[in-house]
Amino acid sequence: MGFEKEAGSSSYSLPPYPREDTPLLAKAPPLSSKFKTFANIFISIVGAGVLGLPYSFKRTGWLMGLVMLLVVAFLTYHCMMLLVNTRRKLESLMGYSKIGSFGDLGFTICGPLGRFTVDAMIVLSQAGFCVSYLIFISSTLSFLTSKSAGETVPVFLGLTPKVLFLWGCFPFQLGLNAIPTLTHLAPLSIFADAVDIAAKSVVMVEDVFVFVQNRPALEAFKGFSVFFYGIGVAVYAFEGIGMVLPLESEAKDKDKFGRVLGLGMGIISLLFGAFGALGYFAFGDETKDIITNNLGQGVISIMVQLGLCINLFFTFPLMMNPVYEVFERRFCGSRYCLWLRWVLVLVVSLVALLVPNFADFLSLVGSSVCVVLSFVLPAMFHCLVYKEELGWRCMVPDGAIVVFGFVIAVTGTFTSVSEILSPKA
């Protein structure tokens, strides 16, 4: 393995090409205070995955859903700290250059194979996030505009409203994703994040009022047959593993980064649990795969849903940026390639057309890709670096996480694919 070579070996010095954490601005940002670090952690983790949690709670039962969510949150935090500690250990050795990203860490430990594995998982996860964005946008706009026909009835040239809205977004996404630098999208991204937080807050308040009025029948536990499904959605919801090393690098007080990360993960876990539970409490067995589709056609509801669509629409090119960096680095010599970007946007759009259910796709991506990226690789890298120093104290817990991750990946992927292919009532 790479870290076992002599420290001064040039064969394992980090290459000069861009990494997946290459900053949007040419000048490196200043070190972040604890508050800014907390804010960056919050922004990096909270995404579209939370919108599928109420449906997941409906499938698993609210108590089982909460337990799985908290367990996944703890494991995610633990594996994030494994990455941080592994990098600190390697950088403390003489001769190792700066390790700035997950991909750099994989290269340092396992050479080109390590970087390729991390690159592949990041491409699949980021592209999967973007597929879910398109599914949400097209499904939501279809729901808002098709009153009685529904989103599955063809309305123009044999195409359903959902398909029409997805292709309607396509040319605009080509334009946004053609921008070489994303600096110009920064103001729109900040606006979109503010709208996103406000919209999800309104959803939670609306859920409380609906629950007080309706009080539907609820179930706490619906059996172990849906365990892997719920785990997949929960893992997807905590989607920030790839950003933990860049965030720790930018933290001013690195000794307290673990505490800040733990506090952030704790608060986010409580918010996710409240969002999922309130959504299921409000609508019971009527909870839809996208919770905002339960809100009806009122003015506030429409504004909330449009706000979430705007957020995800402008987040799409930001989330695709790591994908472009990997492909352009490997196939275009790290040079900007317009046609390659457009082909990737087309591929993501085509995949979105084939997926009928938002929450089912979240579970598939969470089980097949995010589990490997969030659990398997961090534990494996940590074990490879610390096995000589810690012995069984390292190999047993890290090995258990790797085995758990592989079991979830295989079984959860099978379960999610079965759900996607099975006919819905």
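Residues numbered from 1 in each chain as written. Predicted model: local features only at pLDDT ≥ 70, side-chain atom pairs only at ≥ 80, totals over all residues. Heavy atoms only, no water.

Can you help me understand the overall build of the chain in this one?
On a plain count of helices and strands, the chain comes out with 14 helices and zero strands. Residues counted as buried form 54% of the 425 residues belonging to the chain. When contacts within the chain are restricted to residue pairs at least 6 apart in sequence, those whose partners lie at least 24 apart make up 83%. Surface summary for the chain: the accessible area is close to 18,700 Å², and the carbon and sulfur share equals 71%. (Helix = DSSP H or I, 4+ residues; strand = E, 2+ residues; numbered from the N terminus. Buried < 20%, exposed > 50% of the residue type's maximum accessible area, 1.4 Å probe, protein only. Contact = heavy atoms within 4.5 Å. Areas by Shrake-Rupley, 256 points an atom, 1.4 Å probe, with all protein chains shown as cover.)

Which parts of the structure should I look at to understand helix α14 (residues 392-421)?
Quick reminder: α-helices carry 3.6 residues per turn. Residues three or four places apart thus point the same way. Between the first and last C-alpha of α14 there are 43 Å, a value that for 30 residues agrees with the 44 Å anticipated at 1.5 Å per step. Every buried residue belonging to α14 is among Cys-394, Asp-398, Ile-401, Val-402, Gly-405, Ile-408, Ala-409, Gly-412, Thr-415, Ser-416, Glu-419 and Ile-420, and all of these are buried. In this fold, the buried residues of α14 make contact with α2 (53-60), α3 (62-92), α8 (227-237) and α13 (358-390). (Expected span 1.5 Å × (residues − 1).)

Which parts of the structure should I look at to understand the environment of Leu-270?
Looking at the element boundaries, Leu-270 is found in helix α10 (residues 257-283). Residues Leu-270 and Leu-66, 204 residues apart in the sequence, show an inter-C-alpha distance of 9.4 Å.

Looking at this structure, how should I read unusual backbone geometry?
Peptide bonds are trans in most cases, and residues, glycine excluded, mostly fall at negative phi. Although it is not a glycine, Arg-215 adopts a positive phi angle of roughly 45°. Along the polypeptide, Arg-215 turns up in the loop between α7 (186-214) and α8.

Quick question: what am I supposed to make of the pattern of salt bridges here?
Pairs may arise between side chains of opposite charge once their charged atoms sit close together. A complete count under the given rule lists eight salt bridges for this structure. Lys-222 is paired through a salt bridge with Asp-285; the nearest N and O atoms lie 3.6 Å apart. Of this pair, Lys-222 sits in the loop between α7 and α8 while Asp-285 sits in the loop between α10 and α11 (299-331), and the two are 63 residues apart along the sequence. The partly exposed category is assigned to Lys-222, whose relative accessible area is 25%. Residue class for Asp-285 comes out partly exposed when judged on its relative accessible area of 46%. Arg-341 serves as the salt-bridge partner of Glu-328, at 2.8 Å between the closest nitrogen and oxygen. With Glu-328 in helix α11 and Arg-341 in helix α12 (residues 338-354), this pair connects stretches of sequence that are 13 residues apart. The two residues Glu-328 and Arg-341 agree in class, both being buried. (Salt bridge = Lys/Arg side-chain N within 4 Å of Asp/Glu carboxyl O.)

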